[in-house]
Each structure stands twice: as C-alpha cells, then as structure tokens.
Amino acid sequence: MSLLYLFDNTLKFNPGLYAPAAWYDFTNSAYLNLSGSAITQALDRSGNGNNTNVQGTVLARPTFTTNQINGLPCAVFDGVANYLTIPNAANLNWAGNVTIFFVGDTATTSLAVRRFLGKVGNIAVGKGFNDDARLTTLGVQDYEGNAGFFAANTPLIACYTLGTYNVNFYKNNALFQTVTGNTPANTNTNDLIISPLGEPWSGRIGDIIIYNGLLSVAQIAQVNFYLSRKYNLPYIS
C-alpha cells in the first residue's frame, strides 16, 4: 500500500470508522474525568459506553501529564498502584479474534513483565522480561516475541492481533513477529483492567483501541498511519 494512498485517505479517517469495541484516548481531556491532574475515569471514545469505573482510590489514579509524547499529553502510570477498571461487557470478552492498538512507552525494561491491559482468565497484553511484546491467554499461554520490541522511554505504536492460535506483533506498522501457540482465550465475566495490579504498567499511555475481530493488513496500516501522524511517530511501510 502506497504512502500517498494512506495520506490521502487518512485525512478523512479516524479509527472509529472501523467500529472499535472500545477506544481510550488519554491525550484528550474531553474523554477523561479529572481531579486536578489525576485521572478518575476514562470515557470510551468509540461511543459504545465502555467507560472505566470511577477510580475512587486516590493513589490508584494515573496522572494526566502535558507535553509527553512529541508535545501531546497522555496518562502516566506509576507501575505500582495505578489502574482503571473497565466493567465486563459482551463486546470486551474474547475467545479469539481481537485487534488491540497501543501508543505509549515503558519506563522499565528487562526483568519485569508489565501489562497495559488484562482480563483475568482471558487475555493480558503488554511486555515480557526481555522487553518483548507479550500476549497471554488464560494466564498460562504466553505468546511472546523476540527481545527488543520495547525500549525504555521510547514511545511506539504497537498492534497485537489474536486469532485462535496465532498472535501477530506489529511495531510502528511493521510486522515484528508472528507467534503460534495451542491455548486460545476463553470468555468469562471478569472485568478488563488498564494496568492490572500484579503486573501494572509503568510508563506512558496515549491511546488504547480495541477491535473485536481481526482487522485486515490494510486496515491495520491505516490505523497505524493515523496514529503515526497524530503522535509524529515512525511509520514503517
């Protein structure tokens, strides 16, 4: 797909056109409820109403911080106590076939598993011990890529796609790796957590966009290109 095609079409595009199940935009205070600089609630930009619960615990609130990713604000998670809970919903409950985009970075590298998204007994998504991309199903099957996907304090656009037994990891639009396994996800009634405790995210988060189903390569490229223009981050065609 040519960059000219993407440029012409991305001017008219935003990720909502592909009907995400949920979209959390931490760069835009219109989609956040704040108490000072503390984020008490993230509102679902997709229009599906999958807002996070109000975070009533003061120390658990991530911080809305200005001038973070190439001038844009974002949420900063402390890697200790910060998290937000998304109530269980039918369109956030997967046995497979899900596409997840993440923009942000990690403040910690190596020897630490960190998750920006997790649902106990279903899937957990983030980074592994070797700064690899990692998606875990049922808490037992680690779909784990090669080392070096993440680098400390280096923002990126990540895309994770989960089929029944296959996971693709994209970094700044380039396919980084495909990993196969033998344990699919399984639906349950647990809540979905942004920065689940136990393996909480340490670093910045700009966007999390979740699609039910597998987007095509062309659709992934278009969402990635939109995000690369938004954040002025690399786009590898």
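All values derive from a computational prediction rather than experimental measurement.

Hey, could you go over the nonpolar core for me, with residue numbers and the actual values?
Counting 41 residues, the largest nonpolar core has Phe-26, Phe-116, Tyr-160, Ile-194 and Ile-210 as the members making the most contacts within it. Top element by residues in this core is strand E12 (residues 156–162). It accounts for four residues. When residues no more than four places from it in sequence are discounted, the contact partners of Phe-26 are Leu-32, Ile-39, Ala-42, Phe-64, Pro-73, Cys-74, Ala-75, Leu-84, Ile-194, Ile-205 and Gly-206. Counting 18 residues, the second largest nonpolar core, distinct from the first, contains Ile-209, Ile-220, Tyr-226 and Tyr-231.

Give a detailed account of the packing of aromatic side chains, specifying residues and quantitative values.
This model, assessed by the stated rule, comprises 15 aromatic pairs. Seen in terms of ring centroids, Phe-102 and Trp-201 are 5.2 Å apart; in terms of plane orientation they differ by 70°. Their pairing is edge-to-face. One end of the pair, Phe-102, is in strand E7 (residues 98–104); the other, Trp-201, is in the loop between strand E15 (192–194) and strand E16 (202–212), and 99 residues separate them in sequence. You'll find Phe-102 and Trp-201 in the same group, each marked buried. With a centroid separation of 5.8 Å and an interplanar angle of 85°, the aromatic rings of Phe-116 and Trp-201 are classed as edge-to-face. Remark: Trp-201 occurs in the loop between E15 and E16 and Phe-116 occurs in strand E8 (residues 114–119); sequence separation between them is 85 residues. Assigned by exposure class, Phe-116 and Trp-201 land together as buried. Aromatic rings pair up to connect Phe-102, Phe-116, Phe-149, Phe-150, Tyr-160, Phe-169, Phe-176 and Trp-201 into one cluster. The ring of Phe-149 is capped by Lys-171, whose NZ or CZ atom sits 5.9 Å from the centre of that ring.

Describe in detail the pairing of strand E10 (residues 133–137), supporting the description with residues and values.
Judged by how many residues are buried, E10 sits mostly within the fold: five of five residues are covered. Residues Ala-133, Leu-135 and Thr-137 point to one face of E10 and Arg-134 and Thr-136 to the other, with burial holding for every one of them. The pairing of strand E9 (residues 123–127) with E10 spans five bridges and is antiparallel. Within E10, the position partnered with Gly-126 by the bridge is Arg-134. Two successive antiparallel strands, E9 and E10, enclose a turn made up of five residues, where Asp-131 displays a positive phi of approximately 60°. Pairing of E10 with strand E11 (residues 141–144) involves four bridges; the strand directions are antiparallel. Bridging from a neighbouring strand, Thr-137 pairs with Gln-141 of E11.

What counts and what doesn't
Residues numbered from 1 in each chain as written. Predicted model: local features only at pLDDT ≥ 70, side-chain atom pairs only at ≥ 80, totals over all residues. Heavy atoms only, no water. Core = buried A, V, L, I, M, F, W, Y, C linked by side-chain atoms within 4.5 Å. Buried < 20%, exposed > 50% of the residue type's maximum accessible area, 1.4 Å probe, protein only. Helix = DSSP H or I, 4+ residues; strand = E, 2+ residues; numbered from the N terminus. Contact = heavy atoms within 4.5 Å. Phe/Tyr/Trp six-rings, centres within 6.5 Å; stacked < 30°, edge-to-face > 60°. Lys NZ or Arg CZ within 6 Å of the ring centre and 35° of its normal. Pairing = 2+ DSSP bridges.

Just geometry here; none of it tells us what the structure is for.
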